[in-house]
Amino acid sequence: MPPRLVLAQVRNFLQLGHRTRRMSSKPSVYVTRPDVDDSGLELLRKSCQVSTWHETFPVPRSELIREVAGKDALYCALTDKVDKEVLDAAGPQLKCVATISVGYDHIDVEECRKRGIRVGFTPDVLTDATAELTLALLLATNRRLFEANRQVYNGGWKSWAPMWMCGQGLKGSRVGLLGFGRIGQEIAARIVPFKPAEITYTTRTARPEEAAAVNARHVDFDEMIRNSDFIVVCCALTPQTKEIFNASAFQKMKSNCIFINTARGGVVDQKALHDALTTKQIQAAGLDVTTPEPLPLDDPLLKLDNVVILPHIGSADIETRKEMSRITARNIIAGLADKKMEAEVSL
Ligand code: GLV
């Protein structure tokens, strides 16, 4: 076993983790990220025995499986796959899983439902931060900010030139959103001041009241991808949306289309996206999410000038992340006490 894992085990033993659970009246919680804001961990420590992974990279699966054994709750992140194997390893006493994210596609919620394990998440608190980042990414992509910035440093900036580094403005454009939940609505609200010609959105069921606030029109997926100058992905990753942006979808898009994804990498067939960008089927892409994460340094997408890639920082606003840490802790405390969670996935 690598020395750091040995150390982790010793540390968790000293922290009186699950090995002493039966001697302690406090329920035990395993936290997969030691780097969540302390305020959340402090809340947990008041009523629980807390043991944590000790590095700022994701806990190795073998370690997660070992450490979750016997715990009453699991505090996890989107970097942890919580599937049947992990739930089996935890044991029948596991009462709740809480993720410090709004997305919960990394948790097998059906398996949790079958076992009566409650699942907490952190919607709402990160809506504004994520909508803000989406706009930042959109503007960085359509106005070619990173490409232009590179020219300043690599000598490409020879003089002001009338048609150099021109992008495509939002004004008068057609913007299509896939997904119109809390985040989609806030993205739309932030796009309105840029004076687009039209905002459309695609969801299973129309949301006329919310749409009226931003004057958005409900359309089907086909119409949205064919007519949009900007496509913004803000839906959950589900079996229905998995790789919905595939070769056939990119073929239908306008050649000036700018594709923005701050949802999940899994909604895109990334090879098809790369092909669409290199053959100029579409104009550019801005991605805060990819498959895998992190993207390997030799990934072909990183060689393209018409792509802006960010390292999944949608909700990375200091106050937002602090509150996410506390909500995740409060979800666990409520779940362990059989009380209503602040934000619970309905199973
Ligand atoms: C981020 O992607 C989240 O799901 O919170």
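Residues numbered from 1 in each chain as written. Predicted model: local features only at pLDDT ≥ 70, side-chain atom pairs only at ≥ 80, totals over all residues. Heavy atoms only, no water.

S.K.: Mind showing me how you'd approach the sheet that holds strand E5 (residues 118-120) here?
M.R.: The strand order across the open sheet formed by 5 strands is E2-E1-E3-E4-E5, and the pairing between neighbours is parallel. Two strands close off the open sheet at either side, each with one partner strand: strand E2 (49-52) and E5. Across this sheet, the average inter-strand angle for adjacent strands is 15°, counted without regard to direction. Sheet contacts for helix H2 (residues 38-47): strand E1 (28-31), E2 and strand E3 (73-76); angle to E1, the most-contacted strand, approximately 160°. (Pairing = 2+ DSSP bridges. Helix = DSSP H or I, 4+ residues; strand = E, 2+ residues; numbered from the N terminus. Axes fitted to C-alpha atoms, helices over the stretch in contact; angles between N-to-C directions. Contact = heavy atoms within 4.5 Å.)

S.K.: Looking at this model, I keep getting lost on the site of the ligand. Mind explaining?
M.R.: The immediate surroundings of the ligand are formed by Leu-78, Ser-101, Val-102, Gly-103, Leu-126, Arg-264 and His-312. Within the backbone of Gly-103, an N or O atom sits 2.8 Å from an oxygen atom of the ligand. Between the ligand and Arg-264, the relevant distance is 2.6 Å, taken from an oxygen atom to a side-chain nitrogen or oxygen of the residue. Computed on the free molecule, the ligand has an accessible area of 200 Å², of which 89% lies beneath the protein chains in the complex. Taken together, the residues of the shell around the ligand sort by class into 3 nonpolar, 3 polar and 1 charged. (Near = heavy atom within 4 Å. Polar contact = N/O pair within 3.5 Å; in protein donor to acceptor, adjacent residues only side chain to side chain. Areas by Shrake-Rupley, 256 points an atom, 1.4 Å probe, with all protein chains shown as cover. Nonpolar A, V, L, I, M, F, W, Y, C, P; charged D, E, K, R; others polar.)

S.K.: Whenever I open this one, unusual backbone geometry confuses me. Can you help?
M.R.: Of note, the bond from Thr-291 into Pro-292 is cis; its omega dihedral lies within 30 degrees of zero at -10°. Of note, Pro-292 is situated in the loop between strand E11 (284-287) and strand E12 (307-309). Here the residue pair Glu-293 and Pro-294 is connected by a cis peptide bond, since its omega of -5° sits within 30 degrees of zero. Residue placement: Pro-294 occurs in the loop between E11 and E12. In this structure, Lys-280 is a non-glycine residue whose phi angle is positive, near 60°. By secondary structure assignment, the location of Lys-280 is in the loop between helix H12 (270-278) and E11. On the basis of relative accessible area, Lys-280 is assigned to the exposed category, the value being 54%. Not every positive phi belongs to a glycine, and His-312 is a case in point at roughly 55°. (Buried < 20%, exposed > 50% of the residue type's maximum accessible area, 1.4 Å probe, protein only.)

The values reported here are purely geometric and, on their own, carry no functional implication.
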